[in-house]
Amino acid sequence: MRIAMVSEHASPLAALGGVDAGGQNVHVAALSAALARRGHDIRVYTRRDDPALPERVRVQPRLEVVHVNAGPPCEVPKDELLPFIGDLATGIGRDFETVAPDIVHAHFWMSGLAALEAASAGTGPRVPVVQTFHALGTVKRRHQGLADTSPEERRWLEPAVGRSADRIIATCSDEVFELKAMGIDVAKVSIAPCGVALEFFTPVGTAATGKRRHRILSVGRLVPRKGVDTVIQALALLRDKGFPDTELLIVGGKGNTGSDADPEARRLALLAAELGLGEHVTFQGQVPREDMPGIFRSADAVVCTPWYEPFGIVPLEAMACGIPVVAAAVGGLADTVLDNATGIHVPPRAPEATADALAMLLSSPQLRQEFGAAGRTRAAARYSWDRVAADSEKAYRLTLAARAAGSSAAALKGAAL
Ligand code: UDP
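Bear in mind that the values here come from a model prediction, so they are computed numbers and not experimental data.

Caption draft 1: View of the overall build of the protein chain. From N to C terminus, the protein chain includes 14 helices and 14 strands. The globule rule puts the C-alpha radius of gyration for 417 residues at 22 Å, and the 22 Å found for the protein chain is close to it. Going through the 417 residues of the protein chain one by one, you find that 56% of them count as buried. Carbon and sulfur atoms provide 55% of the accessible area of the protein chain, an area that totals close to 17200 Å². Each charge sign in the protein chain was given a centre, from 45 positive and 47 negative side chains, and these centres are 4 Å apart.

Right, dumping it as structure tokens:
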């Protein structure tokens, strides 16, 4: 198949850990690479955010990234990109005129808008569009309220994308309920989770060295909804529960200079100082992908306590490295982390429960070992990118079959008239 991926803000070539560069970038990059390995031809369209980027980058045989001019060629927060989506659609549509794809897979709601418009650009029938939302505005608004910086138009455009797309791929079961509540026909929803690079995130290999007896780890974009403040509060409680010699390593945020460059890191550093934990919390800043497995392996436990989480690749990476995960039982984390088997579920925004879960893990090397091994087994059994690519391919084939069935039904009806 010729597959066009549209990922407006999340380039598969971007550095990770910044405010708008995280799981979606990983997902688009890894899914595209796995589909290309399965023999499909993939073009990923993303917005040019740097004038120095070449128009086309060949990443591997059958996989090319195309930088489309839409808006200023510099970093623009994703919530300010809507005015440029028309230009993105025009640029993509122009490329479709040279090689038309069999299917378009859009990532995030604004990519869906661009994809639907570009897919209708030619003279023939619209190219079928498959949509993965990655995050939903309804959920974001529920949790972030006035702090949600999404454009107002997302309220009606996102459900419209859902209604217009030929098929939707949800990344977890929780998302299916949310889609239903948005009025979307769940008969056209498939589930394909995110995956993890199992050959790269492994339990065996070098590990970074910690500074204290125990190390807990938080990894992700530094935005308030990731709930890193809960982890810092839990660390303070852990001190009182008999684990004073524990450090928290925080990976992610802007730049690579610790807390100085990043406003959320500054807020968190202040909280740590107020709790007397200045010496126990390290802000690592953005860490390149190749260093991540060694960092995961250096931890006794990885903690993910977001307010909500559309999927969450970090727990999967930890599990693939054989590290137990303390996870808020929200969104995708409720599917990936098995309570009392590969980690421990806690409610979101619950420092006390998080500290209890961590204390349980820190007090038992055997439990950590068992949960870690079970995590690796689960990641390998269910979350390889090859399996995710096969699931996605199935969704594409269903879409094409539905389209073909629709056309022959229409032809039959025409012939009968
Ligand atoms: N990540 C990274 N370096 C960093 C921070 C994060 O490589 O400094 C990666 C992390 O390993 C994971 C991704 O960014 O692969 C974050 O994905 P996740 O789905 O957990 O969160 P999202 O960004 O989608 O909210």
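Caption draft 2: Just the site of the ligand, in detail. Around the ligand, the structure places 21 residues, and the nearest of them are Arg-221, Lys-226, Val-287, Ile-313 and Glu-317. One nitrogen or oxygen atom from the side chain of Arg-289 is found 3.3 Å from an oxygen atom belonging to the ligand. Backbone polar atom of Val-314 to an oxygen atom of the ligand: 3.1 Å apart, as the coordinates give it. Relative to its free-state accessible area of 550 Å², the ligand is covered by the protein chains to the extent of 95%.

Caption draft 3: The pairing of strand β4 (residues 63–68), seen in detail. Across the 6 residues of β4, 6 count as buried, placing the element largely inside the fold. The side-chain alternation of β4 yields two buried faces, one formed by Leu-63, Val-65 and His-67 and the other by Glu-64, Val-66 and Val-68. The pairing of strand β2 (residues 41–47) with β4 spans 6 bridges and is classified as parallel. Counted as the bridge partner of Ile-42 is Leu-63 from β4. Inspection of the sheet shows strand β3 (residues 56–60) paired to β4 by 4 bridges, in the antiparallel sense. Bridge pairing in β4 links Gln-60 to Leu-63.

Procedures and definitions
- Residues numbered from 1 in each chain as written.
- Predicted model: local features only at pLDDT ≥ 70, side-chain atom pairs only at ≥ 80, totals over all residues.
- Heavy atoms only, no water.
- Helix = DSSP H or I, 4+ residues; strand = E, 2+ residues; numbered from the N terminus.
- Rg over C-alpha atoms; globule rule 2.2 N^0.38 Å.
- Buried < 20%, exposed > 50% of the residue type's maximum accessible area, 1.4 Å probe, protein only.
- Areas by Shrake-Rupley, 256 points an atom, 1.4 Å probe, with all protein chains shown as cover.
- Lys, Arg positive; Asp, Glu negative; His and termini not counted.
- Charge placed at Lys NZ, Arg CZ, Asp CG, Glu CD.
- Near = heavy atom within 4 Å.
- Polar contact = N/O pair within 3.5 Å; in protein donor to acceptor, adjacent residues only side chain to side chain.
- Pairing = 2+ DSSP bridges.

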